[in-house]
Amino acid sequence: MHIRTRRRIPARDHRPRAVRPSRHRAALAVAALAASVIGWMPGVSSAAPAAASGTSGDPGVARTQQVLASITTDKSRYAPGDTVSLTVNAANKTGSAISGGAVTLYFMTMQNAASASQAQTLNLGSGASSTLAFHWTAPSTDYTGYMVSAVATDSSGKALDSINVAVDVSSDWSRFPRYGYMTNNSFGNQGLSTSQAASIMSSMSNYHIDGLQFYDWQYNHDQPLCGTVSAPCSSWTDDGNQKTVYASAVKDLVTAAHNSNIVAMPYNAIFSADNGSCCGAPDYHTQGLGVSPSWGVYQDTNHSKPLAFFQWDYMDPSNPGWQQYLMGQQNAAIQAFDFDGFHGDTFGDPDTVDYNYNGQPAGVASDSCTTDTDGAHSTTPVHNVAGSATWLSGTFPSFLSYAKSALGSGKYLMFNPVTYDHAHCEANTSAVDLLYSELWPNDRDQYWDYGSLKTAIDQGFSESASASPTGRGKSLTVAAYTDFANGGGGTFNTPDVLLLDSTLFASGGSHEELGDNGLMLDYQEYRAGATPMSASLSQSVQNYYDFMTAYENLLRDGQTATNQTVAVSGQTVSSQATPGDVWAFTKQDADHEVIQLINMVGQSSNLWQTGACDMCSHITTPHPAPTQLTNVPVKYYFKNTPKAVMFASPDYNNGTTYSVPFTTGTDSGGSYVSFTVPSLNYWDMVYTSQTGPGDAPVLPGSGGTPTAPGAPGTPVASNITANSATLTWTAATAGSNPVAGYDVYRVGSPDAVVASSTGLSANVSGLSPSTSYQFYVKAKDSTGLTGSASGTTSVTTASGGSTPPGAPGTPAASNVTTSAATLTWTAAAAGSNPISGYQVFQVGNPDKVVASTGAGTLSATITGLSPSTAYQFYVKAKDSTGLTGSASGTTAVTTAGAPPPSTAKVTYAVQSDWGSGMSVAVTITNTGSTAINGWTLGFAFPGNQQVGSGWNANWSQNGHNVTATNQSFNGAIAPGASISIGFSGTYSGADAKPSAFTVNGLPATVG
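Computed from a predicted structure; not experimentally measured.

### Some words on the confidence of the model for the protein chain
At step 1: Considering every residue of the protein chain, the mean pLDDT works out to 87; 91% of them sit at 70 or more.
At step 2: Every residue in residues 372-381 is under pLDDT 50, and counting partners more than four places away or in other chains gives 36 contacts.

Written as structure tokens, this is what we have:
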């Protein structure tokens, strides 16, 4: 029996490099929430609910596992208007019979109810089980994720249990792919029945898998279909694993997949033809199928030594003859078995300069992609072209363009470049319908840690944007094998699995890991690597797939990355998945700002692959479970003032969205919102909303009933005349909802509202001369809820005959900076009473006092201003009775401009250190919106480090100061793109990293 381990062909140059696994062969159990449901739960009535009318929100009932065993859907995905069949399995573990109870389904999209709830009566003896069937019409809005919550109540309406399931309403799977696989474990079963095939697809539907790679199903790579379209062979031996494949099993699995709205994608390599050297496979030279040696790739210039990978000779993917031949063969296989497209694979670059049949360097003459990171392997200024060791990647666009055209409408194209580090541009900008890549933690691919996986997903969105139907980019499906077991059949460590899935899902990607009736991959040879999960891990992973599906519109629906600051009280927050920290990153769309929190607390490594991977140079031991954080205070510096803050986590109550009480404020870091999340186990998602909390329940433990605003500060009176006074106060603290405004009350019988304001001051008019009044203020929130009263202030109006002070001189501005200015004026003439001081007003809506001085002080410094902003100020005098005089003239002040914002990020990473020297990798990322055309990097060593040799840049050093400039092939950095450079150096003592960097003379963000 021959089982392949497909690896990259060994390089023939002198540079050492790690061996890559070359070809595609490529959850924590939710904590029981035993506490009873808190008092206020909208949507749960005091009696068992009958048939619902109107729209009601999820009540946020805790999962107890005492009544509801499971909830499932009949398909993986639905088109708008489809009937969604949901099955609820109930098992009464309460110890008492349930009579006249109910199971109610609530349908939510993010924080909003999507349709009316549905209810059925529940009568269940102690220890008994039953099944309830519900049917829901999928809403008309396409490409939307929903969370369906089932809530069990007793006859009095008391909540007993809840359970959730996701529903994806998308007419096309390519927008939100959730990719799995089928192997010989399934289609190698000669006796597979249609009911068994349906059961396999039902298990895939439980995870909402909507596409399946049929891996190594083919007869030969250059002849995937055994037999003809009208008469396929009844069985054949695949040319990879040498296992028997049964046509009836393939057909039944494809049919069952379609019945569950799952797409079936047949695997095949894009450039290999069997040379007959192994395992009884036919030789294309003599087979008579029409494969021409002139399409091949050779290691010499006289086509005597074919470039081969095991028993497969390389064909040039850019050769038109090969393109037409292979896609003709592939389309025959698609037609014979009703497949839905083509999953194209590669074995990885040969990393050698090779030749075509005519003795010319193999590959294409030009390649529009010049941002790839593997420049050290390139022998030309433009990467991935003929004459380069990475020539193969440059041929991909040509092949994929032809393949997509040849497939025709209604068929999907996927492609695995394998060498994603220097082929991501070619793959992501190509004609593929979906993005896919196998990622490996070795020196060549460099996808070692969790942060690098996020970078790959970010690249996918940015590079594919112009080629995507929405213009917002495509989501990358990643094949990555954690808990790696050479040969397969290992065991899975729950923290390894859930940390990896948290990273991929939170970043906006997905993970090809599940297939063959619920097995998980631990090896790139899928048949051998398909390994059972424990029951608890299976449930955790199902929760994560429910979460990814229900919140697809927040995770990977065109959100753009932002660099907002996130602070967690008592914890270090990192943007780079630093071990021991809370890893936070942010995105936004038109209505939301999204915060992803991944718990790295308690971790000593941020490497994602574990196990004995002899092809991987960067692996780690199994991760422990993160240190769980509870009642976590978070401060987020927002771009847009939120109307609501929402919390959801796959680790908390089945992923239900909750409305979180919050407060807003401003400090030296900017405007922020503060809130508390109940726990951070592996992954939490928080999102702010510009439309309000919708129908979401208030977070349990946060008070239940919405909290009213706090009391404003006691008002201070100014501008007191015979008939009016101005009152000013400090802001109230928000309750469950933002503060919307303030009402000023005059004490009386009864007290009366005499003024309202959305700011922190109000003018009260209609007063009588020489009369004493008392006033206080209350805040009201966005729902109209009124808070506590401020302290009371007394005001006595001026007598009718008093003369107020005159107007001061128009103030003059000086010492104007980015955030402050000094104003100076001449004294006002006194009226009936002596002048006691001056007030400086900033013109606004309303005008506000920004400074006050004593009688003899004729200047004030105004602080807290914004850079490059125009302001207007005036001054008034007030006398000893509080009477305010006329306003001075108005002066205009424009603050100085802030230094240009950073448009680059620099990451400095020591790859190896041997005590007297080091090897350093430096990544420069363009964080701006325009391309960087030519760059100069600058930094200073804090110690006595000296640069020796470097790569991908022109390096120089003067004392502590180091400069690197671009080479001819990497001077352009597109927005969102990165280039990698590096050097080797020496030092004595400590090798401390530089703390600051500049790019083209401007400060850069430190990564």
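### Observations regarding the domain arrangement of the protein chain
At step 1: In terms of domains, the protein chain is made up of domain 1 (68-169), domain 2 (182-370 + 391-433), domain 3 (716-794), domain 4 (812-895) and domain 5 (904-1006).
At step 2: Averaged C-alpha coordinates put domain 2 and domain 3 at centres separated by 74 Å.

### Quick word on the state of the cysteines
At step 1: For the coordinates displayed, the defined rule picks out two disulfides.
At step 2: Two residues, Cys226 and Cys233, share a disulfide whose sulfurs are 2.2 Å apart. Sign of the S-S torsion, about -70 degrees for the bond between Cys226 and Cys233, identifies this disulfide as left-handed.
At step 3: Each sulfur in the disulfide pair Cys369 and Cys425 lies 2.1 Å from the other. Where Cys369 bonds to Cys425 through sulfur, the torsion about that S-S bond is close to -70 degrees, and the disulfide is left-handed. Within this pair, whereas Cys369 is found in the loop between strand S17 (341-345) and helix H6 (391-394), its partner Cys425 is found in helix H8 (residues 420-428), the two being separated by 56 residues in sequence.
At step 4: With a relative accessible area of 3%, Cys369 lands in the buried category.

### What to know about the packing of helix H10 (residues 494-506) against helix H12 (residues 535-550)
If you want to describe how two helices pack, look at the angle between their axes and the distance between the axes.
At step 1: Two elements in contact, H10 and H12, have axes whose closest approach is 11 Å; the angle formed by their N-to-C orientations is 5 degrees. The angle between the axes of H10 and H12 places the two elements in the roughly parallel class. The residues of H12 that touch H10, namely those facing Thr494, Val497, Leu498, Asp501, Ser502 and Phe505, are Leu537, Ser540, Val541, Tyr544, Tyr545 and Met548.
At step 2: For the contact of H10 with H12, a count of residues per class yields eight nonpolar, three polar and one charged.

### Section: the sheet that holds strand S53 (residues 917-926)
At step 1: One open sheet holds the five strands; their spatial order is S56-S60-S53-S52-S63, and the pairing between them is mixed. Sheet topology places strand S56 (946-951) and strand S63 (1005-1006) at the edges, where each strand pairs with a single neighbour.

### Some words on the pairing of strand S57 (residues 953-958)
The side chains of a regular strand alternate between both faces of the sheet.
At step 1: Relative to strand S58 (residues 961-966), S57 runs antiparallel, the two being bridged by six bridges. Directly across from Asn958, in S58, lies its bridge partner Asn961.
At step 2: Between S57 and the antiparallel strand that follows it, S58, lie two residues; Gly959 among them carries a positive phi value of about 65 degrees.

### Some thoughts on the nonpolar core
At step 1: Core analysis: the largest hydrophobic core is formed by 115 residues, its most contacted members being Met201, Phe214, Val541, Tyr551 and Trp683.
At step 2: Sorting elements by how many residues they give to this core places helix H5 (residues 320-337) first, with nine residues.
At step 3: Here this core spans two domains, and each of domain 1 (68-169) and domain 2 (182-370 + 391-433) adds at least three residues to it.
At step 4: Not counting residues within four places of it along the chain, the set of residues in contact with Trp683 comprises Ser502, Phe505, Ala506, Tyr544, Phe547, Leu555, Gln596, Leu597, Ile598, Ser649, Pro650 and Asp651.

### Considerations on helix H3 (residues 247-259)
Three- or four-residue spacings in an α-helix give side chains the same orientation, since the helix completes a turn every 3.6 residues.
At step 1: If you check H3, its first and last C-alpha atoms are 18 Å apart, about what 13 residues at 1.5 Å a residue would give, namely 18 Å.
At step 2: Those residues of H3 not exposed but buried are Ala247, Ala249, Val250, Leu253, Val254, Ala256 and Ala257.

### Observations regarding the pairing of strand S34 (residues 670-680)
At step 1: In terms of burial, S34 is a largely internal element, eight of the eleven residues being buried.
At step 2: Sheet analysis places strand S30 (residues 629-637) next to S34, joined by eight bridges and oriented antiparallel. Each residue of the ladder has a partner; that of Leu629, found in S34, is Leu680.
At step 3: Of the strand pairs in this sheet, strand S33 (residues 662-667) and S34 are connected by six bridges, and their pairing is antiparallel. Residue Asp667 lies in a different strand from S34, and its bridge partner there is Gly670.
At step 4: The turn linking S33 back onto S34 is made up of two residues.

### A closer look at the UniProt feature "domain: CBM2" (unreviewed entry) in the protein chain
At step 1: Mapped onto this numbering, the UniProt entry gives "domain: CBM2" (unreviewed entry) at residues 897-1007.
At step 2: The span residues 897-1007 shows a helical share of 0% and a strand share of 57%, and its end C-alpha atoms are spaced 26 Å apart.

### Side note on the side chain of Ser452
At step 1: Tracing the backbone shows Ser452 in helix H9 (residues 450-464).
At step 2: In contact with Ser452, not counting residues within four places along its chain, are Gln446 and Tyr447.

### Digging into the packing of aromatic side chains
At step 1: Throughout the structure, instances matching the rule amount to 54 aromatic pairs.
At step 2: For the ring pair Phe309 and Phe310, a centre distance of 5.0 Å and an interplane angle of 85 degrees mean the geometry is edge-to-face.
At step 3: Looking at Phe310, the relative accessible area reads 46%, which means it is partly exposed.
At step 4: Look at Tyr871 and Phe873: their rings are 6.1 Å apart centre to centre, the planes differ by 25 degrees, and that puts the pair in the stacked class. For the residue pair Tyr871 and Phe873, the accessibility class agrees, reading buried in each case.
At step 5: An aromatic cluster is present here, built from Tyr181, Tyr215, Tyr267, Trp440, Tyr481, Phe484, Tyr523 and Tyr526 joined pairwise through their rings.

Reading the values: rules and limits
- Residues numbered from 1 in each chain as written.
- Predicted model: local features only at pLDDT ≥ 70, side-chain atom pairs only at ≥ 80, totals over all residues.
- Heavy atoms only, no water.
- pLDDT = per-residue confidence, 0-100.
- Contact = heavy atoms within 4.5 Å.
- Domains from an automatic or database assignment.
- Disulfide = S-S within 2.5 Å.
- Helix = DSSP H or I, 4+ residues; strand = E, 2+ residues; numbered from the N terminus.
- Buried < 20%, exposed > 50% of the residue type's maximum accessible area, 1.4 Å probe, protein only.
- Axes fitted to C-alpha atoms, helices over the stretch in contact; angles between N-to-C directions.
- Parallel < 35°, antiparallel > 145°, perpendicular 65-115°, else oblique.
- Nonpolar A, V, L, I, M, F, W, Y, C, P; charged D, E, K, R; others polar.
- Pairing = 2+ DSSP bridges.
- Core = buried A, V, L, I, M, F, W, Y, C linked by side-chain atoms within 4.5 Å.
- Expected span 1.5 Å × (residues − 1).
- UniProt positions renumbered as here; feature names shortened; annotations may be inferred.
- Phe/Tyr/Trp six-rings, centres within 6.5 Å; stacked < 30°, edge-to-face > 60°.

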